[in-house]
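# An overview of the molecular structure
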Amino acid sequence: MDRHRSRSPVTSSHHHYSPNKRGDNRRAKHCDAAHFTPTNHHWHQSSATPEQTPPRSQTLCTRREAYERAFPLYKQPVEVGCFSLDSQRRFFNDSRQMRYYVEPDRSPNFDLSDGYRGRYVKRDENVKEKLDHILRWIVANRSKLKSKLSPDASCPLDFDFVTWRGHLTKLLTTPYETREGWLLAVTRFNDTLYISEVETEAARRERENRPERNQEMMYWGYKFEQYMCADKTYSEPDPSGVVNTNEAFCTVVQTRLTDHKLLFSGEVDCRDKDPDAPPPPACYVELKTSAEICTPKQRSNFHRFKLLKWWAQSFLPGVPRVVAGFRDHDGIVVSVETFQISKISQLIKNEYNCWKPTVCMNFCCDFLSFVKREATEDNPSVVYLFSWEPHKDVTYSVHRDSQYSFLPDWYIKEMTCSGE
Ligand code: A3P
Ligand code: MG
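Under an unreviewed UniProt entry, the protein chain has the name Decapping nuclease and belongs to Ilyodon furcidens. Recorded in UniProt for the protein chain, the comment headed Subcellular location (unreviewed entry) runs: "Nucleus".

So, in structure tokens, the structure goes:
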């Protein structure tokens, strides 16, 4: 795989985004100057002497218009490993939970409510795992991740950011989000920035008061996966089994967004079982459910809201397709359709004032630059808590030895080498 290829959301062609043809540094300065507030017009003067340096803004704007520029360099994500979580949420440094995609009928009539009241083991959402599984994976695979530049200097990782894919998905969709804010805790440790989500009070209240109907609809998504996936390349799906949402197969990918080297992990639903399928992540398939589309208004909403989330989630790790089950009010899947991620931006072209992939990626890129610039103290017990509410700017506060600290002692110890 060509690791130096940049990616466009529209096609796999990359000549528009060649890192050699664009002045990336110049562009980054220009965009920073455009919307860091309120002293945005001064921000690019970072080479000024200390007396001349104006106060830097400690907020980041999220308005869409500020991010409408050329698509940023995003290197083809490369899978560097994977891990599995079993039915009791135990970590394994292997692919034992991998599942295989089985093509269904076009109109399969799956009953997504089947088993909700007797064959459902739900992951305990009160347990906050933070980055623990990724950190376990890093420790288990440290030898292949060591910095090529300075292998001895207190074991730095050769990444600027370590996080979950889901946290990055939230960043990508932020300029278009009007309902749910977020809190992201950031710690700089050995010069890598770790980003871990903190549940907002509003999200916790909503989760604790989730109506029964919504709980059942959450189950529908997992039940669809069970209808569509087999445990072995040669077996068939088993809808008579238990749906256990502790189980997960996660890919770990590395990539680069302009000058940000990223390592992140995300859950993968299944893969193409053809042995001749391309290597991961290109063989992976994301499964989704959605309400059936009966009116032009429903189609428009699907394009504006659902496809944004689906695109962001799969584009990040380089998963090329989403297979969607459209269900009626009673949770019966009435049709199944495949969406190529590379074609989604074409699909939404006719929607008035619709979301744009370039805005999503540029906002994410600028948020990461903002974090790099502000989260300067290298200390595992310091958390920079970045906070955002719809229609507002991103702000942050700093916390020492607080409830927000999230790097576990075992990780800090493992990564602080003593004579290794
Ligand atoms: P759907 O995607 O079909 O809605 P994922 O698609 O990311 O693999 O997630 C699998 C399922 O988990 C979802 O199926 C949905 O049922 C549930 N789920 C994931 N994120 C959720 C969220 N934020 N709120 C409610 N349900 C969620
Ligand atoms: Mg899914």
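## Considering the coordination of the magnesium ion (ligand 2)
Donor atoms from the polypeptide that coordinate the magnesium ion (ligand 2) comprise D269 (OD), E286 (OE) and L287 (O), at 2.0 to 2.3 Å from the metal. Taken in sequence order, the residues that donate to the magnesium ion (ligand 2) follow the motif D-x16-E-L. Placement of D269 in the loop between β13 (260–267) and β14 (270–271) and of L287 in strand β15 (residues 284–291) is noted, with a sequence separation of 18 residues between them. With respect to class, D269 is no different from L287; both count as buried.

## Some thoughts on the site of ligand 1
Lining the immediate environment of ligand 1, one finds M218, G221, Y222, E225, D269, E286, L287, K288, T289 and Q313. Contact distances for ligand 1 include 3.0 Å between an oxygen atom and a side-chain N or O atom of E286. Contributions of two or more residues to the shell around ligand 1 are made by α6 (212–228) and β15.

## What to know about the sheet that holds strand β19 (residues 395–400)
Within a sheet, adjacent strands bond to each other through the backbone by hydrogen bonds, running parallel or antiparallel. Strand order in this open sheet of nine strands is β4-β3-β12-β13-β7-β9-β8-β18-β19, and the pairing throughout is mixed. Looking along the sheet, the strands with just one partner apiece sit at the ends: β4 (91–92) and β19. The sheet strands contacting helix α2 (residues 132–140) are β3 (78–85), β4, β7 (161–164), β9 (192–198), β12 (248–257) and β13, and the helix crosses β3 at an angle near 115°.

## Regarding the pairing of β13
With respect to burial, β13 is a largely interior element, six of its eight residues being buried. Across four bridges, the pairing between β7 and β13 is parallel. For V162, the partnering residue across the bridge sits in β13 and is L263. Pairing analysis gives eight bridges linking β12 to β13, with the strands arranged antiparallel.

## Points about the pattern of salt bridges
One pass over the structure, following the stated rule, counts 27 salt bridges. Between R89 and E129 there is a salt bridge whose closest N-O contact spans 2.7 Å. Of this pair, R89 sits in the loop between β3 and β4 while E129 is found in the loop between β6 (120–121) and α2, placing the two residues 40 residues apart along the sequence. With a relative accessible area of 18%, E129 lands in the buried category. For D158, the salt bridge goes to K261, with nearest N and O atoms at 3.1 Å. Within this pair, whereas D158 is found in the loop between α3 (142–145) and β7, its partner K261 is found in strand β13, the two being separated by 103 residues in sequence. The class for D158 is partly exposed, based on a relative accessible area of 24%. Among the charged side chains, a salt-bridge network with shared partners connects D114, R119 and K223.

## Structural notes on the packing of aromatic side chains
All chains considered together, the criterion is met by 30 aromatic pairs. Taken together, the ring pairs connect Y67, W182, F363, F367, F370, Y384, F386, W388 and Y396 into an aromatic cluster. Of note, R96 hangs over the ring of F92, and the distance from its end group to the ring centre comes to 3.6 Å. Over the ring of Y227 we find K223; its NZ or CZ atom is 5.2 Å from the centre of that ring.

## So, the pairing of β3
Of all eight residues that make up β3, seven are buried, and the element is covered over most of its length. Of the strand pairs in this sheet, β3 and β12 are connected by seven bridges, and their pairing is antiparallel. Directly across from V78, in β12, lies its bridge partner Q254.

## Thoughts on the side chain of E216
Relative to the helices and strands, E216 is located in helix α6. Exposure remark for E216: the relative accessible area of 17% places this residue in the buried category. When sequence neighbours within four positions are dropped, the list of residues in contact with E216 reads S113, Y116 and R117.

## Considering the nonpolar core
Within the largest apolar cluster, 54 residues are counted, with the highest numbers of intra-cluster contacts made by W311, W355, F367, F386 and V394. Top contributing element to this core by residue count: helix α9 (residues 357–374), with 10 residues. Beyond its immediate stretch of four places on either side in the chain, V394 contacts Q58, T59, L60, T62, W182, F363, F367, F370, F386, S387 and W388. Membership of the second largest hydrophobic core comes to 30 residues, among which are L131, I138, F406 and M415.

## Section: the environment of W388
Mapping W388 onto the fold places it in strand β18 (residues 382–388). For the pair formed by W388 and L183, sequence separation is 205 residues and the distance between their alpha carbons is 6.5 Å. Not counting residues within four places of it along the chain, the set of residues in contact with W388 comprises T62, T174, E177, E180, G181, W182, D393 and V394. Here the side chain of W388 touches T62 through a polar contact of 3.4 Å, side chain to side chain.

Each value, and the rule that gives it
Residues numbered from 1 in each chain as written. Chains lettered and ligands numbered in written order. Predicted model: local features only at pLDDT ≥ 70, side-chain atom pairs only at ≥ 80, totals over all residues. Heavy atoms only, no water. UniProt positions renumbered as here; feature names shortened; annotations may be inferred. Donors = N, O, S within 2.8 Å, 3.2 Å for Na, K, Ca; no water. Helix = DSSP H or I, 4+ residues; strand = E, 2+ residues; numbered from the N terminus. Buried < 20%, exposed > 50% of the residue type's maximum accessible area, 1.4 Å probe, protein only. Near = heavy atom within 4 Å. Polar contact = N/O pair within 3.5 Å; in protein donor to acceptor, adjacent residues only side chain to side chain. Pairing = 2+ DSSP bridges. Contact = heavy atoms within 4.5 Å. Axes fitted to C-alpha atoms, helices over the stretch in contact; angles between N-to-C directions. Salt bridge = Lys/Arg side-chain N within 4 Å of Asp/Glu carboxyl O. Phe/Tyr/Trp six-rings, centres within 6.5 Å; stacked < 30°, edge-to-face > 60°. Lys NZ or Arg CZ within 6 Å of the ring centre and 35° of its normal. Core = buried A, V, L, I, M, F, W, Y, C linked by side-chain atoms within 4.5 Å.

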